[in-house]
Amino acid sequence: MGSAKNSSNASRKARIEEMRRAEQSRERRNRILAITASAVVVAGLVVGGVVLVKSQSDSGKDTASDSKGASGHFVTGADGVKTWKGTLSRNHVTKTVKYPMEPPVGGDHNQVWMNCNGDVYTKAINNMNAVHSLEHGAVWVTYNSKASDADVKALAAKVKKTPYTLMSPVEDQKDPIMLSAWGKQRTVTGASDPNVDKFFSEFVQGKQTPEPGAACTNGLSQ
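Analysis parameters
Residues numbered from 1 in each chain as written. Predicted model: local features only at pLDDT ≥ 70, side-chain atom pairs only at ≥ 80, totals over all residues. Heavy atoms only, no water. Axes fitted to C-alpha atoms, helices over the stretch in contact; angles between N-to-C directions. Helix = DSSP H or I, 4+ residues; strand = E, 2+ residues; numbered from the N terminus. Parallel < 35°, antiparallel > 145°, perpendicular 65-115°, else oblique. Left-handed = near helix turned anticlockwise from the far one by under 90°. Contact = heavy atoms within 4.5 Å. Nonpolar A, V, L, I, M, F, W, Y, C, P; charged D, E, K, R; others polar. Disulfide = S-S within 2.5 Å. Buried < 20%, exposed > 50% of the residue type's maximum accessible area, 1.4 Å probe, protein only. Polar contact = N/O pair within 3.5 Å; in protein donor to acceptor, adjacent residues only side chain to side chain. Pairing = 2+ DSSP bridges.

(A) Structural context of the packing of helix H3 (residues 149-160) against helix H4 (residues 194-203). Packing of H3 against H4 leaves a shortest axis separation of 13 Å and a crossing angle of 25°. In terms of orientation, H3 and H4 fall into the roughly parallel class. In this structure, H3 meets H4 at a crossing whose hand is right-handed. Seen from H3, the contacting residues are Leu155, Lys158 and Val159; seen from H4, they are Val196, Asp197 and Phe200. Tallied by class, residues from the contact of H3 with H4 come to four nonpolar, no polar and two charged.

(B) Looking closely at the state of the cysteines. Enumeration over the complete set of coordinates arrives at one disulfide. The disulfide partner of cysteine 116 is cysteine 216, and the gap between their sulfur atoms is 1.6 Å. Where cysteine 116 bonds to cysteine 216 through sulfur, the torsion about that S-S bond is close to -85°, and the disulfide is left-handed. Taken together, the positions of cysteine 116 in the loop between strand E2 (82-88) and strand E3 (117-120) and cysteine 216 in the segment after H4 put the pair 100 residues apart, joining distant regions of the chain. Cysteine 216 shares its class with cysteine 116; the two are buried.

(C) Examining the environment of threonine 187 more closely. Structurally, threonine 187 is set in strand E7 (residues 184-187). With relative accessibility at 29%, the residue threonine 187 sits in the partly exposed group. Along the sequence, threonine 187 and isoleucine 177 sit 10 residues apart, while their C-alpha atoms lie 6.0 Å from each other. Aside from chain neighbours lying at most four places away, what touches threonine 187 is Asp175, Ile177 and Met178. Within polar-contact distance, the side chain of threonine 187 engages the side chain of aspartate 175 at 2.6 Å.

(D) Quick peek at the sheet that holds E2. Here seven strands make up an open sheet; going across it, the order is E1-E2-E7-E6-E4-E5-E3 and the pairing mixed. Each edge of the sheet is formed by a strand with only one pairing partner; in this case those strands are strand E1 (70-76) and E3. Taken pair by pair, the neighbouring strands of this sheet meet at an average axis angle of 20°, ignoring direction. Inspection of the sheet shows strand E4 (residues 139-143) paired to strand E6 (residues 177-181) by four bridges, in the antiparallel sense. Bridge pairing in E6 places valine 141 opposite leucine 179.

(E) Geometry of helix H2 (residues 127-135). Burial runs high along H2: nine of the nine residues are buried. Among the residues making up H2, those that are buried are Asn127, Met128, Asn129, Ala130, Val131, His132, Ser133, Leu134 and Glu135. The inward-facing, buried residues of H2 abut E4, strand E5 (165-169) and E6. At the N-terminal boundary of H2, the capping side chain belongs to asparagine 126, with an oxygen 2.8 Å from the backbone nitrogen of methionine 128.

(F) Focus on the environment of glutamate 171. Position of glutamate 171 relative to the elements: it lies in the loop between E5 and E6. Through-space distance from the C-alpha of glutamate 171 to that of alanine 124 is 8.3 Å; in sequence the pair is 47 residues apart. Those residues in contact with glutamate 171, other than ones at most four positions away along the chain, are Tyr143, Asn144 and Ser145. Of note is the side chain of glutamate 171, whose polar atom sits 2.8 Å from the side chain of serine 145.

(G) Seen up close, unusual backbone geometry. A cis amide bond links glutamate 102 to the next residue, proline 103, at an omega of -5°. Residue position: proline 103 is located in the loop between E2 and E3. Even without being a glycine, glutamine 205 presents a positive backbone phi close to 55°. You can call glutamine 205 buried: its relative accessible area is 4%.

(H) Structural view of the pairing of E7. One ladder, built from two bridges, connects E2 with E7; its direction is antiparallel. Each bridged residue has a counterpart across the sheet, and for threonine 83 the counterpart in E7 is lysine 184. Sheet topology places E6 next to E7; four bridges connect them, and they run antiparallel. From the neighbouring strand, leucine 179 faces E7, where its bridge partner is arginine 186. Hairpin connection of E6 to E7: two residues between the antiparallel strands, including glycine 183 at a positive phi of 75°.

Interpretation in functional terms is not warranted from these geometric data alone.
See below:
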């Protein structure tokens, strides 16, 4: 049993490392393309300015709040993990999305993801960017002021060494420490709770991931 578990963990780590190398390769190609395309960008600024003005005049509805990107309810499993039963749409939007759960576990979101390559944010981040990170297979560790400093520090250390994770404070969440993935969520009692490792093992680039292997760098950072 232990051997099978170790083999599974090793396989998962190897898969994440392979995706990490692929992402680094994409980053190098993107830098070359960015240099090559700079002249085109400059030339397009004039046209872009005209398009922007038109877009701002035509898309007033996109700035309104909306909650249609997620509808349904949580169902709690025997293991304590809550699974969202219902709709979690994946549209890229510019409007502000009001999610039916806090922290959100999916739904319409901003086209830019929060960097989630073991990134620890000490200030609140935008839910719409964080949801995009979950779409890429990240696990989001959140806490409020009721969490102990020791737990926050220990969880931050774990996140920093784990690709496809991020961490930030969410003061309005129900419990002191919560873990979220796309369509999945649970509460843990602290950094030493064994359910932290279980959640990471199952949901970091887990089967629930809509876009496995998608980038967790070159996004938004504080």
